[in-house]
Amino acid sequence: MVEDIPRIGVFICHCGLNIAGVIDVKEVAEYAKTLPDVVHTKDNRYTCADPGQDEIRKAIKEHKLNRVVVAACSPRMHEPTFRKTCAEADLNPYFFEMANIREFSSWCHPSTPKEATDKAKEIVRMAIAKARLLQPLKEIEVPVTNKALVVGGGIAGINTALDLAEMGFKVFLLEKTESIGGHMAQLDKTFPTLDCSICIEGPKMVDVGRHPNIEILSYAELVSVSGYVGNFKVKIKKKPRYIIADNCTGCGECKEVCPIEFPNEWDMNMGVRKAISVPFEQAVPLIYTINLDHCIECYKCVDACGARQAINFDQEPNEVELEVGAIVLATGFDIYLPYDNPLYGYGKYDNVITALEFERLILAAGPTGGKVIRASDGKKPHSIAFIQCVGSRDLKKYEYCSGFCCMYTLKNAILIKEKYKDEVEVYILYMDMRTPFKGYEEFYRRARNLGITFIRGRASHVIETPETKNLVIRAEDTTLSQPVELPVEMVVLCTAAIPKADAGNVARILNISRGMDGFFMESHPKLKPIDTPVDGVFVAGACQGPKDIPYSVSQGSGAAARAATILSKKKWKIEPIVAEVNTELCRNTKVKCGICAKRCPYGSIEAPENQPAEVITAMCHGCGTCVAECPADAIIQNHFTDEQISAQIKTALKDNPEGKILGILCNWCCYAGADLAGTSRFEYPPLIRPIRVMCSGRVDRDFVLEAFKLGAGMVLIGACHLPYDCHYISGNARMKARMDALAPMLQKLGLSPQRFRVEYVSAAEGLKFAELMKEMGIQLKELGPETIKRENAMLKPILEKMLAKKQRKSK
Amino acid sequence: MERIHHAKTYKLTIDREFCVGCEICSLACPREAITINKQSRKDGEKARRPIADVDEAKCHFCGICTTICPYGAAQVTIDGENIASVVEKESFPQIIREITADATMCPSDCNDCEIVCPLNLISVSTHPKTKKVTIDIKKAQCPCCRICEIKCPEDALRVRSILTGNLKVNKEKCPSGCQDCLDVCPIVGALFLSEEDGKIYVNELFCTYCGVCRIVCPKEGALELSRSTIRHTPVRSGAWNKALEKLASTPGMTKELRGKGKKRTMEAVRKLLEPRKKENVRK
């Protein structure tokens, strides 16, 4: 039901004092009332809360509203909420539009309330202008493959897989190494209960191995992922083990005859393993692997294996393709090895080790049989110092707190103290002792009572005495405000948890982003901590940020529940903001064009000869690149049509265009980065008028021309970083190619180069966005309105001609 | 060179005193961890022996170099014990050093073998009272060059070469006045300089075919070396075949491989036939 005359309701949110503390909400509401087609305005303390939503629902009925605009926070936050509200009041959810006056105004301009209010008014005006042109859309339904892929077989992934399998879904558990288990399988005891790690994880690993609904794909890597929520196609490369899995009984006779030993990475290289072996006894699946990097191919193992015939040196890597409905990433973390830190002498001094190495030493099943000994002489140390925050909380390395180091240090200190009793002096050098969560503080108390010496202060450096290989730690005891020199026989560095080395690659394959710290970014830090911006892809465990075991386990189960919300459905609804071809305008019927088909990042457009191009809707991701590329303007993107965006441009530049920056920002990176600037309360001059598009690939050159024709002071196109950050694979690259051609032309026509900017800001770069705004503000001031007006006067007739020509053509 | 683990200590020593800088170990090493590096020299200096360097990151301490070195210069220890794991697990053969001395044949005043041994591995002692002669040979380092055998006036020593092959000097290519190969050759008498034409000649009777001469030779192709057989303990090993491939010349290798191949084919045929026989019986 499309009514001819729009009846717009505008709802302005106070957000407590978050908006109302800076912006005069009443004034904005009064202003909105004066705008054409607005029939109802209302301000609420919290529009998103139940009473606020209720008011919207009521107003739709009472005032026969057919468009709703909410001026509040970012649409990235509450657009889905209000769409639902509209739907509940029988209004098509796509008749809803959001004006972001919190992240884009009140939060980033707190010291200029007047300007902030003016900006808010214009943002509302732009939203209304777009709302007027909104069209009703119907969500697209796609079938769901009710199988899941869990990437990473650590404790988080194990729990996700088990939970999903128990719910009755088929689960593929992908593990890069030879065995599932992850870091937890490397640990000795776990805090705060001191129960043996592998004893509690081992049975879970076995459960995974035995579960009829779980298929473990070990020693395999993710190659590519295509498709969309409910319908992912995943390519996996299985590395050759040179062992026929079905024939291997795990007896280990081959290991006995193998002459080659190499450092066992799983043992933190403290022990050795054979060229044919399993990384540890409890490995699941229990299949041996030949490491050809080390094997000398004497074939003794072939003889030993004999009739079982499990060894096959001709194996090749093979690719498997899976179809799944949801993907859970549980790729975990790496432990920082401080080779690059010259102060603590790791890698240089024999008796300086990391905490994970210590873990392997004190483990009874470890390479030394549970003896904590020094590498230099194989003797028990009589004094051990643990240095905390190595890499963590270090502005030069990793800014964040790794979270679990305090606890594992306490655990290791207690273990060694309880093992060697009075024979060993134990010191802990710490910055702050962080022991929140259940039973942790009590654990700290236990360590205190054992007679462990706690020294508060960061160790400045460690020096080795060459003759004895003993070590001296220099530090400042900040509680006593005096320097200390601590002679010890062994130093354990409690190093940071860092993103997995290949996290960047995984992020690229799945099109998800990573934070400044390198860990995967969740959709929302509080409300969507398990979701990613890609529908159907979830994160669990330490790949999203350092986590201890209970936290990883709960998040693993959480991710299983989130994935089940998709897998349990037969159909999944997709946002209908897809592209459509106007078959009458399409040139492909007359000439060989097919530009859209070539430029679509997903290959979802077909342009057979002499026929109009066609968009395969289920494959279309809604970036809008084809819309901007089409030379005949024959493609539209629903909800982001040319008319809607130019209406926003026109409204934004109605008053004082010379003093404004028109920003067209992509939803995933630059707009999110700007949101973050607001959330972080970075203040910048209130010059930008933002227009949100899903992808910078949607930015038509006509938008830029139009903006300058209308006299814009500056135009900014904000995109994801090249080359890989684009959420639509290559939309940003297409935009760049387009704008690289446009910029010199505009300059030739007399435009100052600083007035047209293409910038790449990631979702994590709030600060960069704020700095960019400040920089552009200064440039705008330097240019001055007079210069801009003069340039615009020169440009206007030419731009008008260019735009008119286009319009004629399209008609 | 050492690799220390908390659990085990591995050590590889290449004794520069015994190492002549030949290529045998670097050819046999399955990890290509050993490189033979020529040493620089100043003008007028004699050529110096190349030096074998081990890449720590690549070495496995498997002990192949220990077993193959004709001069006994490489030594692997694990936790202080001399262990070559490849020998222990029978995945690599040991070379057979066959040198025996029958001291009963020796006259009490002769110590020619001690004098002629180019590597000073033989010591002859005569018991002051009984006048009984004992010959002590450091067998582990002996490359079996056979000089002592040939030079012994009483035929008391029996030596069999470890390696056999062919070493040829291409006279046209051999630069006059150069005697680098002669300078580095550990076996005095295996190479000699002709006074007539100033070129180098080979005495294949003594040559151990270690190949150090070819490494230092400044002119490519002036020295041609091929190895045809190597005396070793019997073993079935893929690693050995690979080492052999690199060590031996092609015809020699095919000979040895063919021998092995025959054995393997026979075994395979037998395996195939056995179940069939049983089936036939059942029928």
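Rules of the game
Residues numbered from 1 in each chain as written. Chains lettered and ligands numbered in written order. Predicted model: local features only at pLDDT ≥ 70, side-chain atom pairs only at ≥ 80, totals over all residues. Helix = DSSP H or I, 4+ residues; strand = E, 2+ residues; numbered from the N terminus. Buried ≥ 20, exposed ≤ 12 C-beta atoms within 10 Å, placed from the backbone. Contact = placed C-beta atoms within 7 Å. Pairing = 2+ DSSP bridges. Axes fitted to C-alpha atoms, helices over the stretch in contact; angles between N-to-C directions. Left-handed = near helix turned anticlockwise from the far one by under 90°. Nonpolar A, V, L, I, M, F, W, Y, C, P; charged D, E, K, R; others polar. Domains from an automatic or database assignment.

Chemist: Explain the overall build of chain B here, please?
Modeler: Along chain B, the regular secondary structure elements total 9 helices and 14 strands. Going through the 283 residues of chain B one by one, you find that 37% of them count as buried. For chain B, the proportion of contacts with a sequence separation of at least 24, taken over those separated by at least 6, is 66%.

Chemist: When you look at the sheet that holds strand E21 (residues 383-390) of chain A in this model, what are you seeing that I'm missing?
Modeler: Within a sheet, each strand pairs with its neighbour through backbone hydrogen bonds, oriented either parallel or antiparallel. Residues and elements named next belong to chain A. The sheet built from 5 strands is open, its strands ordered E20-E27-E21-E22-E23 with parallel pairing. Bordering the open sheet on either side are strand E20 (352-354) and strand E23 (453-456), each of which pairs with just one other strand. Averaged over neighbouring strand pairs, the angle between their axes works out to 25 degrees when direction is ignored. Relative to strand E27 (residues 490-495), E20 is paired through 3 bridges, and the arrangement is parallel. Across the sheet, Ile353 pairs through a bridge with Val492, a residue of E27. Contacts from helix H11 (residues 405-420) reach E21, strand E22 (425-430) and E27 within the one sheet, and its direction differs from that of E21 by about 175 degrees.

Chemist: Looking at this structure, how should I read the packing of helix H1 (residues 25-33) of chain A against helix H5 (residues 113-132) of chain A?
Modeler: A packed helix pair is summarised by two numbers, namely the angle formed by the two axes and the spacing between the axes. Residues and elements named next belong to chain A. Interaxial distance between H1 and H5 falls to 10 Å at its minimum, and their mutual angle equals 35 degrees. In the crossing of H1 with H5, the sense of the turn from one axis to the other is right-handed. Where H1 approaches H5, its residues Glu27, Val28, Tyr31 and Ala32 are matched on the opposing element by Thr117, Ala120, Lys121 and Val124. Looking at side-chain class alone, the contact of H1 with H5 contains 5 nonpolar, 1 polar and 2 charged residues.

Chemist: Help me understand the interface of chain B and chain A in this model?
Modeler: When the parts of a complex come together, some accessible area is lost, and that lost area is often used as the size of the interface. Of the residues lining the interface, 19 residues belong to chain B; the matching set on chain A comes to 20 residues. Mapped onto the side of chain B that touches chain A, the elements with two or more residues apiece are helix H3 (85-88) and helix H8 (238-247) of chain B.

Chemist: Even after reading the chapter, I still don't get the pairing of strand E10 (residues 157-160) of chain B, so can you show me in this structure?
Modeler: Regular strands place their side chains on alternate faces of the sheet. All names here are of chain B. Of the two faces of E10, only one is covered, namely that formed by Leu157 and Val159; the face formed by Arg158 and Arg160 stays uncovered. Direction of pairing for strand E7 (residues 98-101) relative to E10: antiparallel, over a ladder of 4 bridges. Note that in E10 the partner of Glu98 across the bridge is Arg160.

Chemist: Is there a simple way to explain the sheet that holds strand E26 (residues 482-488) of chain A in this structure?
Modeler: Residues and elements named next belong to chain A. The sheet built from 3 strands is open, its strands ordered E24-E25-E26 with antiparallel pairing. Edge positions in the sheet fall to strand E24 (459-465) and E26, since each of these pairs with one other strand and no more. Recorded for the sheet is a direction-independent mean angle of 20 degrees between the axes of neighbouring strands. As paired elements, strand E25 (residues 470-477) and E26 share 7 bridges and run antiparallel to each other. Paired with Val472 across the two strands is Pro487, which belongs to E26.

Chemist: I keep staring at the domain arrangement of chain A and nothing clicks. Help me out?
Modeler: Residues and elements named next belong to chain A. As assigned here, chain A comprises domain 1 (1-139), domain 2 (141-239 + 317-332 + 500-574), domain 3 (240-316), domain 4 (335-498), domain 5 (579-623) and domain 6 (640-811). The dominant element in the side of domain 2 that touches domain 3, judged by the number of residues it contributes, is helix H7 (residues 197-210), at 6 residues. Across the side of domain 2 that touches domain 3, the residue classes tally to 9 nonpolar, 6 polar and 2 charged.

Chemist: Can you walk me through the environment of Leu751 of chain A in this structure?
Modeler: All names here are of chain A. Along the chain, Leu751 turns up in the loop between helix H20 (731-748) and strand E38 (756-760). Overall, Leu751 belongs to the buried group, with 20 C-beta atoms counted inside 10 Å. Leu751 sits 37 residues away from Ile788 along the chain, and the two C-alpha atoms are 8.5 Å apart.

Chemist: Before we go on, may I ask you to explain the pairing of strand E30 (residues 571-574) of chain A in this structure?
Modeler: Residue and element names in this part refer to chain A. Only one face of E30 is covered, namely the face carrying Trp572 and Ile574; the face carrying Lys571 and Lys573 is uncovered. Here strand E5 (residues 140-143) runs beside E30; their pairing, made up of 4 bridges, is antiparallel. Looking at the pairing, Ile140 lines up with Ile574 of E30.

Chemist: Looking at this structure, how should I read unusual backbone geometry?
Modeler: Residues and elements named next belong to chain A. The residue after Phe191, namely Pro192, is reached through a cis peptide bond having omega -5 degrees. Relative to the assigned elements, Pro192 resides in the loop between strand E8 (189-190) and strand E9 (195-196). Of the consecutive residues Val284 and Pro285, the connecting peptide bond is found in the cis state with omega at -5 degrees. Counting through the fold element by element, Pro285 comes out in the loop between strand E15 (276-277) and strand E16 (289-290). In the Ramachandran plot, Glu297 falls in the positive-phi region, its phi being about 55 degrees despite a non-glycine side chain. Taking the number of C-beta atoms within 10 Å as the measure of exposure, Glu297 has 20 and is therefore buried.

Chemist: Is there a simple way to explain the environment of Leu182 of chain B in this structure?
Modeler: Tracing the sequence through the fold places Leu182 of chain B in helix H6 (residues 180-184). For the pair formed by Leu182 of chain B and Val216 of chain B, sequence separation is 34 residues and the distance between their alpha carbons is 9.7 Å.

Chemist: I keep staring at the packing of helix H10 (residues 355-362) of chain A against H11 of chain A and nothing clicks. Help me out?
Modeler: All names here are of chain A. At a closest axis distance of 11 Å, the pairing of H10 and H11 adopts a crossing angle of 35 degrees. The two elements H10 and H11 meet at a crossing, and its hand is left-handed. Along its contact with H10, which presents Ala355, Phe358 and Ile362, the element H11 presents Tyr408, Thr409, Asn412, Leu415 and Ile416.

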